[in-house]
Amino acid sequence: MKLTENQNLKTYNTFGMEVYARQFLQLETVEDVRAAICYYLRDKPFYILGGGSNTLFTKDFDGTIAHPTFNGISVMEKSDGKVLLRVAAGEPWDNLIQYCIKHQLYGIENLTAIPGLVGSAPVQNIGAYGMEVKDTVYKVEGVIISTGKAFELANAECRFGYRNSIFKQELKNDCIITYVWFQLSEKQQFTLTYQGLSKALQERELPLTLRNVSDCVRKIRDSKLPDPTIVGNGGSFFKNPVIPEEHYRDLLTDFPDLVAYDAPEGMKKLSAGQLIEKAGWKGKRMGNAGTWKNQALVLVNYGGATPNEVLDVAKAIIQDVETLFKLTLEMEINRI
Ligand code: EPU
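These lines cover the structure that appears in this document, whether it is placed above or below.

Parameters at a glance
Residues numbered from 1 in each chain as written. Predicted model: local features only at pLDDT ≥ 70, side-chain atom pairs only at ≥ 80, totals over all residues. Heavy atoms only, no water. Pairing = 2+ DSSP bridges. Helix = DSSP H or I, 4+ residues; strand = E, 2+ residues; numbered from the N terminus. Buried < 20%, exposed > 50% of the residue type's maximum accessible area, 1.4 Å probe, protein only. Lys, Arg positive; Asp, Glu negative; His and termini not counted. Salt bridge = Lys/Arg side-chain N within 4 Å of Asp/Glu carboxyl O. Contact = heavy atoms within 4.5 Å. Near = heavy atom within 4 Å. Polar contact = N/O pair within 3.5 Å; in protein donor to acceptor, adjacent residues only side chain to side chain. Areas by Shrake-Rupley, 256 points an atom, 1.4 Å probe, with all protein chains shown as cover. Axes fitted to C-alpha atoms, helices over the stretch in contact; angles between N-to-C directions.

**Some points on the pairing of strand β15 (residues 260-263)**
Thought 1: In this sheet, strand β16 (residues 267-270) lies alongside β15 in antiparallel orientation, the contact comprising four bridges. Bridging across to β16, D262 finds its partner in K268.

As structure tokens, then:
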């Protein structure tokens, strides 16, 4: 375990916010998790930080940041064309994608190039291009901070939903995920329900392989989302809002081209990016913060932005979208 005092977090959050943490703990082994809980994480403010790609630090953090760096991918079982992998929380997510391509394991290729660590993936049930991580998570291992007890939660117990799970609800601020188990397939299978992906594959006239699908996803992402190593951002800043069908039909009167997808219980899911664009915010800048020119759902740090500049943009967007569409956007990003 490595402890530093007064740590600059600029390189530990993809928004590139220059804030400081009183203590910063690197959890280098899974044993460090228990030690950190016993000695550092009880009775004071703490935050478990993965890749920092879904976190907006709004000010200096007067407590302890614990950052898992222990990694490793192990095959636990192979049977009937299925493979169970146990992956340590500190493994970078895209390393797992590369591993799966190399070993021809199907099931998470559409989640190529999502920034962050494996331990964070189940927390917000990462999803993109027609796939969500919940569809391959077999179980999640971790430690409860308040009791120090190890836990294992099977997929159904994780209560996954759209950008949601038990780790964002009941277990919020009370657990450290140590390993995520994935059930992947050795048999070729693809999820090509996202139109942009199937179209791009057809246009490129390449054979349908894991490598080609993954490369295609990476290209689509690159065309829509800013590279956080160049332009600071935290991916989608808001969740896509889910509204009753009646509300959607009302909106169609003024906005006949408004895109919506079917959601559970007869609801409709709107695209927040489209709402923000229609509210005139796409590519707009206020001070050093603003939205991305190719995807209005992504708030960006154009360079040297303070947390308040980002939050001011977010608040202005929420207000304008509310006035226009009579709905309140909910922030997806963790604000600390
Ligand atoms: N759209 C606009 N204007 C915009 C952005 C989008 O009109 O500025 C429209 C698009 O034309 C399209 C629709 O909105 O018709 C959906 O856009 P897109 O496919 O880009 O997806 P999204 O709903 O905006 C979600 C995820 C992304 C994920 C993409 C691709 C959320 C909050 N975001 O975005 O996730 O990459 O789907 O599947 O669900 C992330 O979580 O950080 C993230 C990037």
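**Regarding the side chain of D32**
Thought 1: With respect to the element layout, D32 can be found in helix α1 (residues 30-41).
Thought 2: Comment: no salt bridge for buried D32; closest opposite-charge side chain is K2, at 10 Å.
Thought 3: The contacts of D32, once residues within four sequence positions are left out, are M1, Q26 and L27.

**Some thoughts on the site of the ligand**
Thought 1: Around the ligand there are 23 residues in total, and Y129, Y162, Y194, S271 and E277 lie nearest to it.
Thought 2: The separation between an oxygen atom of the ligand and a polar side-chain atom of K224 is 3.3 Å.
Thought 3: Within the contact set of the ligand, an oxygen atom lies 2.8 Å away from a backbone nitrogen or oxygen of S236.
Thought 4: Here the ligand, which alone exposes 820 Å², has 81% of that area covered by the protein.
Thought 5: Every element with two or more residues in the shell around the ligand is listed here: β8 (127-128), α4 (210-224), β13 (232-236), α6 (272-278) and β19 (295-301).

**Some words on the sheet that holds β16**
Thought 1: Ordered by their spatial adjacency, three strands build an open sheet running β14-β16-β15, and the pairing between neighbours is antiparallel. The open sheet terminates on both sides in strands that have one partner only, identified here as β14 (242-244) and β15. Strand-to-strand twist in this sheet, taken as the mean axis angle between neighbours without regard to direction, amounts to 40°.
Thought 2: With respect to the sheet, helix α5 (residues 245-254) is in contact with β14, β15 and β16, its orientation differing from that of β14 by roughly 90°.

**Focus on helix α2 (residues 93-102)**
Thought 1: Of all the ten residues making up α2, seven are buried; the element is thus mostly covered by neighbouring parts of the structure.
Thought 2: Turning to α2, its buried residues number three or more, namely W93, D94, L96, I97, Y99, C100 and I101.
Thought 3: The secondary structure elements touched by the buried residues of α2 are β6 (73-79), β7 (82-88), β12 (175-185) and α4.
Thought 4: Downstream of α2 by a residue or two, Q104 has a phi angle that is positive, lying close to 55°.

**Observations regarding the environment of L206**
Thought 1: Checked against the element boundaries, L206 lands in the loop between α3 (195-204) and α4.
Thought 2: Once residues lying within four places of it in the same chain are set aside, the contact partners of L206 are L201 and N212.

**What about unusual backbone geometry?**
Thought 1: You will see that Q104, though not glycine, has its phi angle at about 55°, which is positive.
Thought 2: In this structure, Q104 sits in the loop between α2 and β8.
Thought 3: For Q104, a relative accessible area of 39% gives the class partly exposed.

**Remarks on the pairing of β12**
Thought 1: Burial runs high along β12: ten of the eleven residues are buried.
Thought 2: Of the strand pairs in this sheet, β7 and β12 are connected by seven bridges, and their pairing is antiparallel. Pairing of V83 across the sheet is with L184, part of β12.
Thought 3: Two elements, strand β10 (residues 137-144) and β12, share seven bridges in a ladder whose sense is antiparallel.

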